[in-house]
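This is what each chain is made of:
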Amino acid sequence: MDTYKTLRKLVDRYDYGGALDLLDEKGLHETDVAKVMNSCRYAVNFDFKTARQLLGTLSEKEKSRQNVKDMSKNLDALIDGHPDAIFSELMENIKFQIVNEEYIDFLGRVYRFKEAVLKYIFVSNHIDKNRFSLIHLQMEKREILKKLRKKYRIYNSNLMYGITTYIHRYLKNEYKYSEIEKILNSDHMKALIELRNDSIVGHGFKGVSIDDIYRYYGNPYNVLDDFDKCLKKLDVKLERYKYAQINEYIYELIDHLN
């Protein structure tokens, strides 16, 4: 298999680090395609500032491309903690774990995503939504638990249980929150969380296979669809194909190398 086919296969699996190593071996680490891949490598690890800086090192020709302008705008939104951008990035991150069959990491991301949605529900009901940021101080666990205790007399130290109690007590008459809570606390979601808790990213050492996921939830992509339903009810605008679009741009740059 030649270098270019291997590069495409690595990019297909969102393995930007592996593709970058291959370009480095071929002395192509200073090319525009290498810089775009390197930016993606940092972005998928949530280092958005470095990813944004790397786009600034592209040739003037590529910097003027709409693809790069869109990527730069998205990274700016991620740096600012904009909910649409952050939740979209988290969804893509979960998809990467499915594509690469990394099911323990998949469960870890599912747990974090559920927690992030619940935190968003709570905090967005307490601050100006027009200036909302997921990196706001009030999104921190200790700040939420403090407010739950002092204002609502909810003393559960488990963040997700605490916010769920808040929803039951104070948002029970708002249909969208009840529907979201049902999805996030469904029996099959709880089963996935238990799998996570028993694994190395939780409190145990059990392995996780695709059969385990199917047994409790069906196709793992169903999880993404359910999270999508939750976020639509919260008016979060998701971009679920960001990296697929970026990959098309990368394939074009690879073809230029060839």
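Everything below is about the structure printed above this text.
First, a word on scope: everything that follows refers to the structure included in this document. Numbering of residues starts from 1 in every chain and runs along the sequence as written. Residue-level local features of this predicted model are given only where pLDDT is at least 70; pairs of side-chain atoms are given and counted only at 80 or more, and the full residue set underlies all totals for whole chains, interfaces and linings. Side-chain figures throughout are based on the complete set of non-hydrogen atoms in the structure, without hydrogens or water.

Let's shift gears to the overall build of the protein. The secondary structure listing takes helices from DSSP runs of H or I that are at least 4 residues long and strands from runs of E that are at least 2 residues long, numbered from the N terminus. The number of helices and strands found in the protein is 15 helices and zero strands. The C-alpha atoms of the protein give 20 Å as radius of gyration, which agrees with the globular expectation for 258 residues (18 Å, within 12%). For the protein, the spread of C-alpha atoms along the principal axes amounts to about 60 × 40 × 30 Å. Residue exposure (1.4 Å probe, protein chains only): buried if accessible area is under 20% of the type maximum, exposed if over 50%, otherwise partly exposed. A burial count over the protein gives 50% of its 258 residues as buried. In this analysis, two residues are considered to be in contact whenever any of their non-hydrogen atoms come within 4.5 Å of each other. If you take every contact in the protein between residues at least 6 apart in sequence, the share linking residues at least 24 apart comes to 61%. Working definition of accessibility: Shrake-Rupley area with a 1.4 Å probe, residue cover restricted to the visible protein chains. Carbon and sulfur atoms make up 46% of the accessible area of the protein, which amounts to about 13,500 Å² in all. In this setup the radius of gyration rests on C-alpha atoms only. A globule is expected at 2.2 Å times the number of residues raised to 0.38.

What follows concerns empty space enclosed by the protein. Here the term cavity refers to a set of points on a 1 Å grid, laid over the protein atoms alone, in which a 1.4 Å probe fits but cannot get out; the term pocket refers to an open set having protein on both sides within 12 Å along at least five of seven lines, with lining residues being those that place an atom within 4 Å of a point. Grid points are joined across faces, edges and corners, and a volume is the space filled by probe spheres set on the points. Counted according to the given criterion, the structure contains one cavity of 30 Å³ or more. Lining the largest cavity we find S39, C40, A43, M71, N74, L75, K242, Y243 and I246. A breakdown of the residues in the lining of the largest cavity according to their chemical character gives six nonpolar, two polar and one charged. Amino acid classes used here: Ala, Val, Leu, Ile, Met, Phe, Trp, Tyr, Cys and Pro are nonpolar; Asp, Glu, Lys and Arg are charged; the rest, including Gly, are polar.

Moving on to a nonpolar patch on the surface. Candidates for patches are residues over 30% relative accessible area with no salt bridge; among them, like charges are joined within 9 Å and nonpolar side chains (Val, Leu, Ile, Met, Phe, Trp, Tyr) within 5 Å. When a carboxyl oxygen of Asp or Glu lies within 4 Å of a side-chain nitrogen of Lys or Arg, that pair is called a salt bridge. Taken together, I200, V201 and F205 make up a surface patch of nonpolar side chains, about 340 Å² in accessible area. Position of V201 relative to the elements: it lies in the loop between α12 (187-197) and α13 (210-217). Of the residues examined, V201 reaches a relative accessible area of 30% and is grouped as partly exposed.

The next subject is the environment of T3. Of note, T3 is situated in helix α1 (residues 3-12). Along the backbone, T3 and L22 are 19 residues apart, and their C-alpha atoms lie at a distance of 7.8 Å. Excluding its chain neighbours within four sequence positions, the residues that come into contact with T3 are L22 and K26.

Two aromatic rings, drawn from Phe, Tyr or Trp (for Trp, its six-membered ring), form a pair once their centres lie within 6.5 Å of each other, and the interplanar angle then sorts them: stacked below 30 degrees, edge-to-face above 60, tilted otherwise. Considering all chains together, one arrives at 13 aromatic pairs under this definition. A centroid spacing of 5.2 Å and a plane angle of 70° characterise the contact between F96 and Y243, whose relative ring orientation is edge-to-face. One end of the pair, F96, is in helix α7 (residues 83-99); the other, Y243, is in helix α15 (residues 242-257), with 147 residues separating them in the sequence. Overall, Y243 belongs to the buried group, its relative accessible area being 1%.

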